[in-house]
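Residues per chain, in single letters:
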Amino acid sequence: MVKSKRSLLSGFKAYFSRRLENEPALAARPLNEQLIRSIAEIQRIADLTLRNTRITTADQLLDPVFGPSLIREALENGCLLLFIEVALGDYATLRDQLGEDLHRVDESVESPFALCAIRVDHLAQTVLGRTAEVRAELEGMSTVRMHSSAIRSMPSDIGLQRACGLSRMLSNPKFTVYLVVFIYSSLRALPVAFIKEFHGNLFILWSIDIITAVPYTWGVLTMLFAKRWQMRALGTLTTVVTFASPYVYFWLHGRDYPPFVAVIIAALTLLSVGMEFIKFRQERSMRARYSSVEQQPAQEFAA
């Protein structure tokens, strides 16, 4: 039966609206979010979504038919983490196949099952990844969405469909983020052209907006989530300087601005602060959810 356009759209929206933290395998147990971020090499736990993670069981992963296709799909789509539910008695077998890159990330001591995680980029170098079944499955993978580190980890005798740099850039989710920032920064400067009291160079103001967009994003993340206070201080300074720079230039190169200009600038400032505050609250909420028990190194299973 062919699905209607409405049902296809509903399914599409449902997939992207589901949050990773609501997945049963993760919601059912307290997790070591700090370890998860370390394995994934990310600053914010909110960066993990259903698009860049996969959740499976040890039986599925070790299945000679299902496992290889799962590994290929995760690698080919640029996933960061593979979460694996495993029975305590089967952990030794799973560890033999995945090695030291496998980490237990839950803090539960009562359940007969536990949750482990491994960075997807490391899968091809594991014992499991070097089996004939997996190597055959990985043959001919497209590198359009693969991480550079995953491409480098591929054995040299596995043939890949190597995509050009432009295709990889356009397929990278980060490219979309920076493109949105670029468009926003460009449009933010354009209304100034209609303010006759501004006597500065519109191109210089636009350039300040564009140049400061990326360090501003870095500064916000560092200010909120860096471990060392020195880095948080540097992030705060970077955020303030990059955010204020275009407005400083704007006020220094104009006079007698009408009141609505100040109102608009204040509104933009409050909007930016509000958006970052919402992101901060979301991240804090997710970290609290994941870390519902006292942080401690994840316990290893008994051999």
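Parameters at a glance
- Residues numbered from 1 in each chain as written.
- Predicted model: local features only at pLDDT ≥ 70, side-chain atom pairs only at ≥ 80, totals over all residues.
- Heavy atoms only, no water.
- Phe/Tyr/Trp six-rings, centres within 6.5 Å; stacked < 30°, edge-to-face > 60°.
- Patch = residues over 30% accessible without salt bridge, like charges linked within 9 Å, V, L, I, M, F, W, Y side chains within 5 Å.
- Areas by Shrake-Rupley, 256 points an atom, 1.4 Å probe, with all protein chains shown as cover.
- Salt bridge = Lys/Arg side-chain N within 4 Å of Asp/Glu carboxyl O.
- Helix = DSSP H or I, 4+ residues; strand = E, 2+ residues; numbered from the N terminus.
- Buried < 20%, exposed > 50% of the residue type's maximum accessible area, 1.4 Å probe, protein only.
- Contact = heavy atoms within 4.5 Å.
- Pairing = 2+ DSSP bridges.
- Expected span 1.5 Å × (residues − 1).
- Axes fitted to C-alpha atoms, helices over the stretch in contact; angles between N-to-C directions.
- Core = buried A, V, L, I, M, F, W, Y, C linked by side-chain atoms within 4.5 Å.

## Quick word on the packing of aromatic side chains
Aromatic ring pairs: the centre-centre distance and the angle between the two ring planes describe each pair.
Working step 1: Taken as a whole, this structure holds 8 aromatic pairs when the rule is applied.
Working step 2: With centroids separated by 4.4 Å and ring planes inclined at 10 degrees, the aromatic side chains of F250 and Y257 adopt a geometry described as stacked.
Working step 3: What links up through ring pairs into an aromatic cluster is the set F198, Y249, F250, W251 and Y257.

## A look at a nonpolar patch on the surface
Working step 1: Among the surface-exposed residues, W218, L234, L237 and V241 lie close enough to one another that they form a single nonpolar patch of about 370 Å² accessible area.
Working step 2: It is helix α12 (residues 229-252) that contributes the most residues to the nonpolar patch, 3 residues altogether.

## Examining the side chain of T238
Working step 1: Of note, T238 is situated in helix α12.
Working step 2: The exposure class assigned to T238 is buried, which follows from its relative accessible area of 16%.
Working step 3: Contacts of T238, omitting those with residues within four sequence positions, involve P215, W218 and G219.

## Section: the pairing of strand β2 (residues 81-87)
Working step 1: Burial analysis of β2 places 5 of its 7 residues in the buried class, which makes it a mostly covered element.
Working step 2: Relative to β2, strand β1 (residues 53-57) is paired through 5 bridges, and the arrangement is parallel. Looking at the pairing, T57 lines up with E85 of β2.
Working step 3: The pairing of β2 with strand β4 (residues 113-119) spans 7 bridges and is antiparallel. Bridging across to β4, V86 finds its partner in A114.

## Comments concerning α12
Working step 1: Taking 1.5 Å as the rise per residue, α12 with 24 residues should run 34 Å; its terminal C-alpha atoms sit 33 Å apart, in good agreement.
Working step 2: Burial in α12 covers these residues: G235, T238, T239, T242, F243, P246, Y247, Y249 and F250.

## What to know about the sheet that holds β4
Working step 1: Read from one edge of the open sheet, 4 strands run β1-β2-β4-β3, paired in mixed fashion. For this open sheet the edge positions go to β1 and β3 (103-104), each flanked by a neighbour on one side alone.
Working step 2: Two strands pair when backbone bridges link them, and β3 and β4 are joined in this way by 2 bridges, in the antiparallel orientation. Within β4, the position partnered with H103 by the bridge is A117.
Working step 3: Sheet contacts for helix α6 (residues 91-98): β2 and β4; angle to β2, the most-contacted strand, approximately 150 degrees.

## A few points about the pattern of salt bridges
Working step 1: Scanning the model with the defined rule gives 5 salt bridges in all.
Working step 2: For R54, the salt bridge identified is with E73, shortest N-O distance 2.7 Å. Here the residue R54 occupies a position in strand β1, and E73 occupies one in helix α5 (residues 66-76), the gap between them amounting to 19 residues.
Working step 3: Under the relative-accessibility criterion, R54 is labelled buried at 15%.
Working step 4: Judged by its relative accessible area of 28%, E73 is partly exposed.
Working step 5: Of the charged contacts in the structure, one is a salt bridge between D121 and R119, with a shortest N-O distance of 3.3 Å.
Working step 6: Its relative accessible area of 9% is what places R119 among the buried residues.

## Re the environment of S148
Working step 1: Here S148 is to be found in helix α8 (residues 148-153).
Working step 2: Using a relative accessible area of 40% as the deciding quantity, one classes S148 as partly exposed.
Working step 3: Between the alpha carbons of S148 and G78 there is a distance of 9.3 Å; along the sequence they are 70 residues apart.

## A closer look at the nonpolar core
Working step 1: Grouped together as the largest cluster of nonpolar side chains are 29 residues, with contacts concentrated most on L61, I84, L98 and L138.
Working step 2: Contributing elements (two or more residues each) for this core: α4 (58-62), α5, β2, α6, β4, α7 (132-138) and α8.
Working step 3: At 4 residues, α5 tops the list of elements feeding residues into this core.
Working step 4: The contact partners of L138, leaving out residues within four places of it in the chain, are I71, R72, L75, A124, M154, I158, G159 and L160.
Working step 5: One finds I39, I45, A46 and A117 within the second-largest nonpolar core, a separate group that totals 19 residues.

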